[in-house]
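# Report on the structure
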Amino acid sequence: GKDVPHPILKQETVKTLFKPQLTEAGAAALAAIVSTWITAGSVNWSTGLALTTNDVPGKRKANSGFWGGWAGTLYVIDPTTSVAIVAGSQIVPTFDKGAVELFDKVEAIVYANLEDD
């Protein structure tokens, strides 16, 4: 028989990364933390990612995973459009205005240049 690779995560597990898990109160607490650099509106948390729970005009779609790291490392994973963006600046303090603005521009440029199927 053929050798079948053994994935690190099952497909069912990966799907949970893009499904909101927090209560309304929990989501509000998360929104207070990320509101300094995300203007996506409502947010939630999955089994491993912060999630944008609504489409962001001209950018990521609802249930996209995102986060920002301590030294200006920001990412978004959008399973709806199959887009993933990672930007790293290595600038502190966390959520440096320039680093956040750069990521915002990069995300807008990527989505503005997606081709329709």
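That block above? That's the structure.
In short, a report on the structure. (Residues numbered from 1 in each chain as written. Predicted model: local features only at pLDDT ≥ 70, side-chain atom pairs only at ≥ 80, totals over all residues. Heavy atoms only, no water.)

Next up on the list: the packing of aromatic side chains. This structure, assessed with the given rule, holds one aromatic pair. Judged by centre distance (5.4 Å) and plane angle (85 degrees), the rings of W45 and W67 are edge-to-face. One end of the pair, W45, is in strand β1 (residues 43–45); the other, W67, is in strand β3 (residues 64–68), and 22 residues separate them in sequence. For W45, a relative accessible area of 29% gives the class partly exposed. (Phe/Tyr/Trp six-rings, centres within 6.5 Å; stacked < 30°, edge-to-face > 60°. Helix = DSSP H or I, 4+ residues; strand = E, 2+ residues; numbered from the N terminus. Buried < 20%, exposed > 50% of the residue type's maximum accessible area, 1.4 Å probe, protein only.)

One finds L30, V34, V43, A50, F66, L74, V76, V83, I85, A87, F103 and Y111 forming the largest nonpolar core, which totals 12 residues. Residue assignment for this core shows that the elements contributing at least two residues are α2 (24–34), β4 (73–78), β5 (83–88) and α3 (97–112). It is β5 that provides the largest number of residues to this core, a total of three residues. Apart from the residues within four sequence positions on either side, I85 is in contact with L74, Y75, V76, F103, V106, E107, V110 and Y111. (Core = buried A, V, L, I, M, F, W, Y, C linked by side-chain atoms within 4.5 Å. Contact = heavy atoms within 4.5 Å.)

Turning next to unusual backbone geometry. In this model, V92 is joined to P93 through a cis peptide bond whose omega is 15 degrees. Of note, P93 is situated in the loop between β5 and α3. Residue N63 is not a glycine yet carries a positive backbone phi of 65 degrees. Mapped onto the elements of the fold, N63 is located in the loop between β2 (50–52) and β3. Positive phi outside glycine occurs at Q90, with the angle close to 60 degrees.

The next subject is the environment of I77. With respect to the element layout, I77 can be found in strand β4. Using a relative accessible area of 31% as the deciding quantity, one classes I77 as partly exposed. Here the alpha-carbon distance between I77 and S64, two residues 13 residues apart in the chain, equals 5.5 Å. Ignoring sequence-local partners within four residues, the contact set of I77 consists of F18, S64, G65, V83 and A84.

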